[in-house]
Amino acid sequence: MASTKFTRSVPYTSLPSQPQNVVVLTSYRPPFNASYRRLLIFTVVVVLLFAAVFFFYPSDPNVQLARLRLNHVRVNTSPKLTLDLSFSLTIRVRNRDYFSLEYRTLDVAVGYRGRELGLVRSEGGKIRARASSYVNTTLDLDGLEVIYDALYLIQDLASGVIPIDTHTLVKGSVGLFFFKIPIQGRVSCQVYLNTKNQTVDRQDCYPE
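The shown structure was predicted, so the numbers you read here are calculated from the model rather than taken from an experiment. (Residues numbered from 1 in each chain as written. Predicted model: local features only at pLDDT ≥ 70, side-chain atom pairs only at ≥ 80, totals over all residues. Heavy atoms only, no water.)

Peer 1: Any chance you could explain the pairing of strand S8 (residues 179-194) here in plain terms?
Peer 2: Put simply, side chains in a regular strand alternate between the two faces of the sheet. Bridge count between S8 and strand S9 (residues 199-207): 8 bridges; the pairing is antiparallel. Directly across from Ser 188, in S9, lies its bridge partner Tyr 206. Between the end of S8 and the start of S9, which pair antiparallel, lie 4 residues, with Gln 198 showing a positive phi angle near 60°. (Pairing = 2+ DSSP bridges. Helix = DSSP H or I, 4+ residues; strand = E, 2+ residues; numbered from the N terminus.)

In structure tokens, the structure reads:
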């Protein structure tokens, strides 16, 4: 007996006559160099901002007693114990900022053993950026009563040297763009006056 074999026909798809390109898209990740570059730029900007604040933010002026000349010192015992003093002072005010400084007042106070004897005030002025100005003033104090410190004064007169305190205060403002920022500078000095030859033996100053 002859066997019969059946075959299933499979549909056939012809190949394209022209070759085709297949593009596979993946999620984008920025390269490491781009991230590093952004971080570096951000760091540089922050450093520059801090540097600008450090250099341009106003600071208090530097105040120094550049020169002090004793005109006279005299102790009066009649009718009561009083003290006559006369000073000529030169105050140096240095503006350390990059903006002009306008100071309203410059006060110089003189004291003896912690007690204020007198105060002199000078008129204001203007100092250019990164510049200095010298202010001359004269302080005349006559008839100062030193009743509470009479014993110390007698001892100082016997030694020939009278210690005097000077306190200099400068108040003003610095113009930062559209703002006025108040600032002040202060210096204190211990001055030793020689009553015999009417001179200044020495002076010790320190800023505050």
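Peer 1: Quick question: what am I supposed to make of helix H2 (residues 150-159) here?
Peer 2: Note that an α-helix has 3.6 residues per turn; residues three or four places apart therefore point the same way. Among all positions of H2, only Ala 150, Leu 153 and Asp 156 are buried. With its buried residues spanning 120° around the axis, H2 presents them on a single face. For H2, exposure combined with an orientation more than 90 degrees from the buried face picks out Leu 151, Ile 154 and Ala 158. Note on H2: the residue one or two positions beyond its end, Gly 160, has a positive phi of about 85°. (Buried < 20%, exposed > 50% of the residue type's maximum accessible area, 1.4 Å probe, protein only. Arc of directions from axis to C-beta.)

Peer 1: Would you explain the state of the cysteines in this entry?
Peer 2: By definition, a disulfide is the covalent link that joins the sulfur atoms of two cysteine residues. Under the definition given, this model contains 1 disulfide. Between the sulfur atoms of Cys 189 and its disulfide mate Cys 205 the distance is 2.1 Å. Taking the sign of the S-S torsion, 110° for the link of Cys 189 and Cys 205, the bridge is right-handed. A residue pair is termed long-range when its members are at least 10 positions apart, and Cys 189 in strand S8 and Cys 205 in strand S9 qualify at 16 residues. (Disulfide = S-S within 2.5 Å.)

Peer 1: Which parts of the structure should I look at to understand the nonpolar core?
Peer 2: A general tendency of soluble globular proteins is for nonpolar side chains to be buried together. Of all hydrophobic cores here, the largest spans 37 residues; its most connected members are Leu 85, Phe 87, Leu 89, Leu 117 and Ile 164. If you list the elements that add at least two residues to this core, you get strand S1 (62-76), strand S2 (82-94), strand S3 (101-112), strand S4 (115-122), strand S6 (132-145), strand S7 (161-176) and S8. In contact with Ile 164, other than residues within four places in its own chain, are Leu 85, Phe 87, Val 110, Gly 111, Tyr 112, Cys 189, Gln 190, Val 191 and Leu 193. (Core = buried A, V, L, I, M, F, W, Y, C linked by side-chain atoms within 4.5 Å. Contact = heavy atoms within 4.5 Å.)

Peer 1: How do you make sense of the sheet that holds S1 when you look at a structure like this?
Peer 2: Paired through their backbone hydrogen bonds, the strands of a sheet run either parallel or antiparallel. Spatially, S1-S2-S6 is the arrangement adopted by the 3 strands of the open sheet, whose pairing is antiparallel. The outermost strands of the open sheet, each flanked by one partner alone, are S1 and S6. Put simply, the sheet's adjacent strands are angled 10° from each other on average, direction ignored. Where S1 and S2 come together, 13 bridges link them in antiparallel fashion. When the sheet's bridge partners are listed, Gln 64 is paired in S2 with Arg 92. (Axes fitted to C-alpha atoms, helices over the stretch in contact; angles between N-to-C directions.)

Peer 1: Looking at this structure, how should I read unusual backbone geometry?
Peer 2: Leaving glycine aside, a negative phi is the common case for residues, and trans is the common case for peptide bonds. Look at the link from Ser 78 to Pro 79: it is a cis peptide, with omega at 0°. In the Ramachandran plot, Arg 113 falls in the positive-phi region, its phi being about 55° despite a non-glycine side chain. Among the secondary structure elements, Arg 113 is positioned in the loop between S3 and S4. Classification of Arg 113 as partly exposed rests on a relative accessible area of 40%. For Gln 198, which is not glycine, the phi dihedral falls at a positive 60°. A residue is classified by how much of its surface remains accessible, and Gln 198, at 29% relative accessible area, is partly exposed.

Peer 1: What is the right way to read the side chain of Asp 165 from this model?
Peer 2: Tracing the backbone through its elements, the reader meets Asp 165 in strand S7. Buried charged residue Asp 165 carries no salt bridge. Nearest counter-charge: Arg 113, at 8.5 Å. Polar contacts involving the side chain of Asp 165 include one to the side chain of Gln 190, which spans 3.4 Å. With residues up to four places along the chain from it excluded, the contact list for Asp 165 reads Ala 109, Val 110, Gly 111, Arg 113, Gly 114, Cys 189 and Gln 190. (Lys, Arg positive; Asp, Glu negative; His and termini not counted. Salt bridge = Lys/Arg side-chain N within 4 Å of Asp/Glu carboxyl O. Polar contact = N/O pair within 3.5 Å; in protein donor to acceptor, adjacent residues only side chain to side chain.)

Peer 1: Sorry if this is basic, but what is going on with the packing of aromatic side chains here?
Peer 2: Taken as a whole, this structure holds 0 aromatic pairs when the rule is applied. For the cation-ring pair, Arg 130 lies above Tyr 98, with the distance from its terminal atom to the ring centre recorded as 4.9 Å. (Phe/Tyr/Trp six-rings, centres within 6.5 Å; stacked < 30°, edge-to-face > 60°. Lys NZ or Arg CZ within 6 Å of the ring centre and 35° of its normal.)

Peer 1: What am I meant to see in a nonpolar patch on the surface here?
Peer 2: Where nonpolar side chains cluster on the molecular surface, the patch consists of Tyr 36, Leu 40, Val 44 and Leu 48 and spans about 400 Å² of accessible area. Its location among the elements puts Leu 40 in helix H1 (residues 32-56). Residue Leu 40 is classed as partly exposed on the basis of its relative accessible area, which comes to 45%. (Patch = residues over 30% accessible without salt bridge, like charges linked within 9 Å, V, L, I, M, F, W, Y side chains within 5 Å. Areas by Shrake-Rupley, 256 points an atom, 1.4 Å probe, with all protein chains shown as cover.)

This is a description of form; function is not addressed.
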